Amino acid sequence: FTVLAFESSADDTCVAIVNSEREILSNVVIKQHDEHERFGGIQPYVALQKHQRNMPIAVKRAFTEANMTVNDIDGIAFTRGPGMHGCLAVGANAAKSLAAALNKPLIGVHHMQAHALTPLLTQPTSEIPQFPFLTLLVSGGHTLLLLANKIDQYEILATTKDESIGRAFDQVSALLEIPWNKDFGPGAALEQLCAKGPPIALVSETGSSSKSIERTVGEFPRPLKGKLEFSFAGLHSHIDRLVKNKETWKDFNPEQVKYILANGFQQAAVGQLEEKLALGMKECRRRGLEINHVVVSGGVASNTFLRKRLRACLGELSPTNPIHLVFPPPALCTDNAVMIAWASMHRFLAEDFDDLTIDLRPKWSIHDLRMD
Ligand code: ATP
Ligand code: FE
C-alpha cells in the first residue's frame, strides 16, 4: 500500500511517499527558516503564504524523487492537527482535492502521534519499539512525556505548564543573537555554538577568567523538582535578565559570555528532561508496567548533547536491564511528511478511512486521538 502524505502544520512544507513495506520512496521538506529569522520566530501569515507557494513544488519533487505518478498512489494522508489553522489548511486542501479527484481514501493524522511513531518506521525490524513504551516529544510547540499504550492510545504523563522546550531554544537563541540560516534553525544554531568549545561546569571551585563569569551567572533554574510537569519560561526569563543586565558583562569578552549562557541554558533544559524521564520511569514501575523502550522525537531530539545525556541517564537508571533509547534520524526528528504517511498506514490497512469533509483540529490533545 503506497501513501502520499502532506505536512504543513508549522513552517516546513513537506510531501512524502511511503509504502507499507516500510520504504521511504520520497521525502521533500522545503524549509522557511530564512523567511522567519528577521521576525525572531514563525509568522503565521508569512508561513501560510510560503506554504501556498511551495506546496505544488514539493508535490512535483516528491513524484520525481520516487519516480512515480499519481496512479501509483493508493491513499492520501495529511496532518489534521495540532498546528496553525491556515498552515494546516494548505496541506489538508491539497490532500482532500487529490483524494476527491483520484477517488482514493483519505486519512487525517495527529502530528504528535506521527512524531512518536517515527522509530517504528526507521528502526531495523529487530529493534522496533514494542508497546507499551515511554515517549518524550520535544518540539517547537510541545514538551510531552507520554505513555504509548497502543498505536492509537496515549496517556500524557507530563506536559509543560508554560512554554515548550523548542520555543525556549528558539527564544534564547534570538536573545543571544546567534545567527541561523536556511539549513539550521535557531535551536540547532544554539547547539552548534555550545559545541564550539569545551563543555563547562557552571559551578566551580577553582578560579580562572571563565570561572568568574560562571559565578556571575550562578545556578540556572531547575523548576518543579520531583513533579511530573515541565516548565521552561523561568529558565528563558533568567537568561533574558542576564542578557539585559549589560553592566554585569562589561568587563567580559561578549563571545565568551554568549558561549557560557548558551551552554548554561542547554544544560539546564536537558537536565529537566533527564529528571522528568526518571520520574516517568518510576511512575511506570509503580504501576507494574515493564518498559523496554523509550522513544525521543520532535525537532529538539536532533540535538546531539541531549542524545548523549539521555543515554547516560537511562544507563544509570537501569544498569542491569538496559532500556532501549530510540531516536529517529535527525532529519526525521524535525517536521516531515514521512512520519505522517507512516502514522496513517495502520489505518489505511484496516480500511479505517476519514470522510472527505473531515475538519481540521488546530488544538488537539493526543489524549483525545479518537475524537471525531
Ligand atoms: P510541534 O511538533 O510541537 O507542532 P514544530 O513542528 O514546529 O512543533 P518540530 O519541527 O518538531 O516543531 O521542531 C522544531 C523545533 O526544534 C524548533 O523549536 C527548533 O529550534 C528545535 N530544534 C531543531 N533542531 C534543534 C537542535 N539541534 N537543538 C535544539 N533544538 C532544535
Ligand atoms: Fe513537529
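In this text, all values refer to a predicted model and were calculated from it rather than measured experimentally.

Visitor: Would you mind going over the packing of helix α8 (residues 233–244) against helix α10 (residues 254–286) with me for this structure?
Guide: The relative placement of two packed helices comes down to the angle between their axes together with the axis-to-axis distance. It is the contact of α8 with α10, at a shortest axis distance of 11 Å, that shows an interaxial angle of 165°. Judged on the interaxial angle alone, α10 and α8 are roughly antiparallel. α10 is crossed by α8, and the crossing has right-handed handedness. Counted together, L235, I239, L242 and V243 of α8 and L261, F265, A268 and A269 of α10 form the full contact between these two elements. Taken together, the residues that form the contact of α8 with α10 break down as 8 nonpolar, no polar and no charged.

Visitor: Any chance you could explain the environment of V3 here in plain terms?
Guide: Locating V3 in the fold gives a position in strand β1 (residues 2–7). For the pair V3 and R80, spaced 77 residues apart in the sequence, the C-alpha separation amounts to 16 Å. What V3 contacts, discounting residues up to four positions off in sequence, is V18, D74, G75, A77, A341, S344, M345 and F348.

Visitor: Looking at this model, I keep getting lost on the site of ligand 1. Mind explaining?
Guide: As a structural note, the neighbourhood of ligand 1 is formed by 24 residues, with G140, G141, G166, G187 and G299 the closest of them. Tallied by class, the residues present in the shell around ligand 1 amount to 5 nonpolar, 15 polar and 4 charged.

Visitor: Explain the sheet that holds strand β7 (residues 143–150) here, please?
Guide: Sheets are built from strands that pair by backbone hydrogen bonding, the pairs being arranged parallel or antiparallel. One open sheet accounts for 5 strands, arranged β8-β7-β6-β9-β10; its pairing is mixed. Edge positions in the sheet fall to β8 (153–158) and β10 (324–326), since each of these pairs with one other strand and no more. Each adjacent strand pair in this sheet contributes to an overall mean axis angle of 25°, direction not counted. Where strand β6 (residues 133–138) meets strand β9 (residues 293–297), 4 bridges bridge the pair, whose relative direction is parallel. The residue bridging T135 from the neighbouring strand is V295, located in β9.

Visitor: What is the right way to read helix α5 (residues 165–175) from this model?
Guide: Taking burial as the measure, the 11 residues of α5 include 9 buried ones, the bulk of the element. Here α5 has its buried residues at I165, G166, R167, A168, F169, D170, Q171, V172 and S173. Packing partners of the buried residues in α5 comprise β6, β7, α6 (186–195), α8 and α10.

Visitor: For this particular structure, what's the right way to read the packing of α5 against α6?
Guide: It is at 8 Å that the axes of α5 and α6 come closest, and there the two elements cross at 65°. Comparing the axis directions of α5 and α6 gives the class roughly perpendicular. Considering how the two elements wind past one another, α5 and α6 form a crossing that is left-handed. Touching G166, F169, D170, V172, S173 and A174 of α5 are P186, G187, A189 and L190, all from α6. Taken together, the residues of the contact of α5 with α6 sort by class into 6 nonpolar, 3 polar and 1 charged.

Quick notes on the rules
- Residues numbered from 1 in each chain as written.
- Chains lettered and ligands numbered in written order.
- Predicted model: local features only at pLDDT ≥ 70, side-chain atom pairs only at ≥ 80, totals over all residues.
- Axes fitted to C-alpha atoms, helices over the stretch in contact; angles between N-to-C directions.
- Helix = DSSP H or I, 4+ residues; strand = E, 2+ residues; numbered from the N terminus.
- Parallel < 35°, antiparallel > 145°, perpendicular 65-115°, else oblique.
- Left-handed = near helix turned anticlockwise from the far one by under 90°.
- Contact = placed C-beta atoms within 7 Å.
- Nonpolar A, V, L, I, M, F, W, Y, C, P; charged D, E, K, R; others polar.
- Near = placed C-beta within 6 Å.
- Pairing = 2+ DSSP bridges.
- Buried ≥ 20, exposed ≤ 12 C-beta atoms within 10 Å, placed from the backbone.

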